[in-house]
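# Remarks on the overall topology
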Amino acid sequence: TRTSRPQRILKAVQTKATVGDPQSVITAIDHFCRHREWAMNVGDEKGSILDSVVNEVSPVTVLELGTYCGYSTVRIARLLPPGACVITLEFNPDYAAIARQVIKWSGLEDKVQLVEGASGDWIPWMKEHFGVQAFDLVFLDHWKERYLPDTKLLEECGLIQKGTVLLADNVICPGTPDYLEYVRNSPHYNSQYYRSHLEYTKVEDGLEKSVFLGY
Ligand code: SAM
Ligand code: MG
């Protein structure tokens, strides 16, 4: 039986990356996806923008929507200060199983809470289940039609507070027009586009960073 792409990505990590070295895990995945098989990781080019936003926000609590193989989870978690953590949501159990192993290989499992399930089901339980007050940073990278409803749900649940930064991937390709129109026109957000390219390609894509200003 043929292996899946996430299984092949894990294999690349296990053969090329050093246990406990997150940078080697990132490099192994980027190399595999650039030279062997394209995959939907945020990738190295947009990844460096993600890194700079994580460093600038210096978050204590991060929410990631869409884990896939854990590539961006590792990128984020490796930059977190002691005591900080990222909660990452993934509704595909096969992807979640791969991501757990990638995160473990990186040695970052103490900074990561991987939650299996759909964003719309989990967001209302974040406070109760994880004791989160609000998130400092939210990385939106799941299915594109969920960006806007999940942002509104996070607002309703009180998980976005003054200073919370939303960072949304793929706002051009595949694109998230309703979300962009919302954050760019809302008086409650200060929103900025970071032009880049779709992971492992030359096609234009970018990240939208939106700072919540309060009500
Ligand atoms: N953030 C990852 C990275 O850069 O390495 C890539 C995530 S991939 C683009 C999107 C993932 O979101 C897929 O694995 C998909 O199964 C998951 N997903 C899509 N909609 C979701 C939802 N509503 N709740 C939870 N996971 C979802
Ligand atoms: Mg993406």
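The present account deals with the structure reproduced in this document.

Cut-offs applied
Residues numbered from 1 in each chain as written. Chains lettered and ligands numbered in written order. Predicted model: local features only at pLDDT ≥ 70, side-chain atom pairs only at ≥ 80, totals over all residues. Heavy atoms only, no water. Axes fitted to C-alpha atoms, helices over the stretch in contact; angles between N-to-C directions. Helix = DSSP H or I, 4+ residues; strand = E, 2+ residues; numbered from the N terminus. Parallel < 35°, antiparallel > 145°, perpendicular 65-115°, else oblique. Contact = heavy atoms within 4.5 Å. Nonpolar A, V, L, I, M, F, W, Y, C, P; charged D, E, K, R; others polar. Donors = N, O, S within 2.8 Å, 3.2 Å for Na, K, Ca; no water. Buried < 20%, exposed > 50% of the residue type's maximum accessible area, 1.4 Å probe, protein only. Pairing = 2+ DSSP bridges. Near = heavy atom within 4 Å. Polar contact = N/O pair within 3.5 Å; in protein donor to acceptor, adjacent residues only side chain to side chain. Areas by Shrake-Rupley, 256 points an atom, 1.4 Å probe, with all protein chains shown as cover. Right-handed = clockwise from strand over helix to strand, strands pointing away.

The subject of this paragraph is the packing of helix α8 (residues 147-156) against helix α10 (residues 177-185). Orientation of α8 relative to α10, taken along the N-to-C sense of each, is 40°, at an axis distance of 8 Å. As the angle between them shows, α8 and α10 are arranged oblique. Where α8 approaches α10, its residues Y147, L148, T151, K152 and E155 are matched on the opposing element by D178, Y179 and Y182. A per-class count over the contact of α8 with α10 returns four nonpolar, one polar and three charged.

This part covers the coordination of the magnesium ion (ligand 2). Here the magnesium ion (ligand 2) is held by D141 (OD), D169 (OD) and N170 (OD1), and the distances to it run 2.1 Å. Mapped onto the sequence, the donors of the magnesium ion (ligand 2) take the spacing D-x27-D-N. Placement of the pair is D141 in the loop between β4 (135-140) and α8 and N170 in the loop between β5 (160-168) and α9 (171-175), with a sequence separation of 29 residues. Here D141 matches N170 in class, with each residue buried.

Topologically, G214 is positioned in the segment after β7 (204-212). A sequence separation of 50 residues divides G214 from T164, and the C-alpha atoms of the two residues are 9.1 Å apart. Aside from chain neighbours lying at most four places away, what touches G214 is K162 and H188.

Ordered by their spatial adjacency, seven strands build an open sheet running β3-β2-β1-β4-β5-β7-β6, and the pairing between neighbours is mixed. Each edge of the sheet is formed by a strand with only one pairing partner; in this case those strands are β3 (112-116) and β6 (189-197). Between one strand axis and the next, the sheet turns through 15° on average, direction left out of account. In terms of strand pairing, strand β1 (residues 61-65) meets strand β2 (residues 85-90) through five bridges, oriented parallel. Across the sheet, residue V62 finds its bridge partner in β2, namely V86. Helix-sheet contacts for helix α3 (residues 43-57) involve β4, β5, β6 and β7, and the interaxial angle to β6 is about 150°. In the packing of α8 onto the sheet, contacts are made with β1, β4, β5 and β6, and the angle to β5 comes to roughly 165°.

All right, on to the site of ligand 1 then. Near ligand 1 you find 20 residues, and of these V42, G66, S72, E90 and D141 are the closest. Backbone polar atom of F91 to a nitrogen atom of ligand 1: 3.2 Å apart, as the coordinates give it. Here W143 contributes a backbone N or O atom positioned 3.5 Å from a nitrogen atom of ligand 1. Computed on the free molecule, ligand 1 has an accessible area of 610 Å², of which 98% lies beneath the protein chains in the complex. Counting only elements with at least two residues in the shell around ligand 1, the list comes to α4 (71-77) and β2. By residue class, the composition of the shell around ligand 1 is nine nonpolar, eight polar and three charged.

On to the pairing of β4, then. β4 sits mainly inside the fold: five of its six residues count as buried. Both β1 and β4 contribute to a ladder of four bridges, which runs parallel. Note on β4: the bridge partner recorded for L63 is V138. Two elements, β4 and β5, share five bridges in a ladder whose sense is parallel.

Looking down a regular strand, the side chains alternate between one sheet face and the other. Of all six residues making up β2, five are buried, and the element is well covered by its neighbours. Chirality of the crossover, the property in question, places the unit of β1, α4 and β2 among those that are right-handed. With five bridges connecting them, β2 and β3 associate as parallel partners. Note that in β3 the partner of V86 across the bridge is V112.

Shape is all these values report; function is a separate question.
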